[in-house]
Amino acid sequence: MRRLHTCLAMLTTAMTAVVSLLFGTVPSATALQVTTIRGGTVLYAATGAQCVVGFNATGNGVFYGVMVGHCSGTHTTTWYADAARTVQVGVTAGASFPIDDYGVVRYTSNLLNLPGDIALGGGVYQDITGVASPAVGQSLCHVGRTSGVHCGTVTAVNATVNYSEGTVYGLVRSTTCAEAGDTGAPAYSGTLAVGFLVGAGGNCTSGGVSYHQPVAEVMSHFGLTVY
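*Asks:* Help me get a handle on the nonpolar core, residues and values and all.
*Replies:* Ranked by internal contacts, the top residues of the largest apolar core, which has 25 residues, are Phe55, Val66, Ile128, Leu171, Phe196, Val215 and Met219. Listing elements by their share of this core, those giving two or more residues are β4 (55-59), β5 (62-67), β8 (102-107), β14 (148-163), β15 (166-174), β17 (192-203) and α3 (215-222). When neighbours within four sequence positions are excluded, Leu171 is seen to be in contact with Ala156, Val157, Asn158, Ala159, Val161, Val198, Tyr211, His212, Gln213 and Pro214. Counting 13 residues, the second largest nonpolar core, distinct from the first, contains Trp79, Val89, Val105 and Leu114.

*Asks:* I'd like a description of unusual backbone geometry, backed by residues and values.
*Replies:* Cis geometry is adopted by the peptide bond preceding Pro98, which originates at Phe97 and carries an omega value of 0 degrees. If you check the backbone angles, Asn60 has positive phi at about 55 degrees while not being a glycine. Position of Asn60 relative to the elements: it lies in the loop between β4 and β5. A positive phi angle is found at Ile99, which is not glycine, with a value near 75 degrees. In this structure, Ile99 sits in the loop between β7 (88-96) and β8. The class of Ile99 is exposed, set by a relative accessible area of 52%.

*Asks:* Lay out the state of the cysteines with the relevant residues and their values.
*Replies:* What the rule picks out here adds up to three disulfides. Each sulfur of the disulfide joining Cys51 and Cys71 lies 2.0 Å from the other. As the torsion about the S-S bond is roughly -100 degrees, the Cys51-Cys71 disulfide counts as left-handed. Residue Cys51 is located in strand β3 (residues 50-52), and its partner Cys71 is located in helix α2 (residues 69-72); the two are separated by 20 residues in the primary sequence. Judged by its relative accessible area of 23%, Cys71 is partly exposed. Residue Cys141 pairs covalently with Cys151 via a disulfide, S to S 1.9 Å.

*Asks:* Go over a nonpolar patch on the surface with me, naming the residues and quoting the values.
*Replies:* A surface patch of nonpolar side chains, amounting to about 290 Å² of accessible area, comprises Leu32, Val34 and Leu111. Mapping Leu111 onto the fold places it in the loop between β8 and β9 (112-113).

*Asks:* Explain the pattern of salt bridges residue by residue, including any values.
*Replies:* Under the criterion given, the structure shown has one salt bridge. The residue Asp117 makes a salt bridge to Arg38 at a minimum N-O spacing of 2.7 Å. Residue Asp117 is found in the loop between β9 and β10 (118-121), and its partner Arg38 is found in the loop between β1 (35-36) and β2 (42-45); the two are separated by 79 residues along the sequence. In this structure, Asp117 and Arg38 share a single accessibility class: buried.

*Asks:* Please set out the packing of aromatic side chains residue by residue, giving values where relevant.
*Replies:* Applying the stated criterion to the full structure yields three aromatic pairs. Between Phe97 and Tyr163, the ring centres sit 5.3 Å apart and the planes meet at 75 degrees, which makes this aromatic pair edge-to-face. Residue Phe97 is located in the loop between β7 and β8, and its partner Tyr163 is located in strand β14; the two are separated by 66 residues in the primary sequence. Classification of Phe97 by relative accessible area gives buried; the value is 17%. Here Tyr102 and Phe222 contribute two aromatic rings whose centre-to-centre distance is 5.9 Å and whose plane-to-plane angle is 85 degrees, an arrangement assigned as edge-to-face. Of this pair, Tyr102 sits in strand β8 while Phe222 is found in helix α3, placing the two residues 120 residues apart along the sequence. The cationic tip of Arg38 hangs over the ring face of Tyr125; the distance from NZ or CZ to the ring centre is 3.9 Å.

Definitions and cut-offs
- Residues numbered from 1 in each chain as written.
- Predicted model: local features only at pLDDT ≥ 70, side-chain atom pairs only at ≥ 80, totals over all residues.
- Heavy atoms only, no water.
- Core = buried A, V, L, I, M, F, W, Y, C linked by side-chain atoms within 4.5 Å.
- Buried < 20%, exposed > 50% of the residue type's maximum accessible area, 1.4 Å probe, protein only.
- Helix = DSSP H or I, 4+ residues; strand = E, 2+ residues; numbered from the N terminus.
- Contact = heavy atoms within 4.5 Å.
- Disulfide = S-S within 2.5 Å.
- Patch = residues over 30% accessible without salt bridge, like charges linked within 9 Å, V, L, I, M, F, W, Y side chains within 5 Å.
- Areas by Shrake-Rupley, 256 points an atom, 1.4 Å probe, with all protein chains shown as cover.
- Salt bridge = Lys/Arg side-chain N within 4 Å of Asp/Glu carboxyl O.
- Phe/Tyr/Trp six-rings, centres within 6.5 Å; stacked < 30°, edge-to-face > 60°.
- Lys NZ or Arg CZ within 6 Å of the ring centre and 35° of its normal.

Written out as structure tokens, the structure reads:
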């Protein structure tokens, strides 16, 4: 038995030949461009901000991307897949900063591929199947836009970071190093989402410390799940 797509291809060829014979031309088709957004993808805001998606999530049949609040801003804005801001993908659905440090983008385009994994670089992806409530001593890795994948150990689960705009509470602190430009890096433990990078000290040469907004808090607040 022929596969369905083989039969469809034959039918399409036959129809194209008929059109060509009748009209002397073959109609051109404009291919729909599908954009892929996953954990680690950079989105561009109408405000000029460039923010990394930590994880994709879903709730009530709608898809979202979660990211750092001090990057996304707390007001409604439009998001694009490209720096030229021509491919619109979503709008801000909610955010909190300071106190917490997260933003949530609701995807609005029908031309999106939204896998639940995160990009580790070099065409390698980490599947995400759930959310972790981190504990001291737990292993944790994150993948930064600048420095790539680095791993460490959770040293605190209720850490505080002070910004000029105010204080953020309840962060996960780890020995995972980071470099400038890594903000928003998805943090994971195996196949479980932990959080995303909101602050760091030191570097990956001499060693450092990182602070992550727990993703479990965001999922609970908005009624979302990773997939």
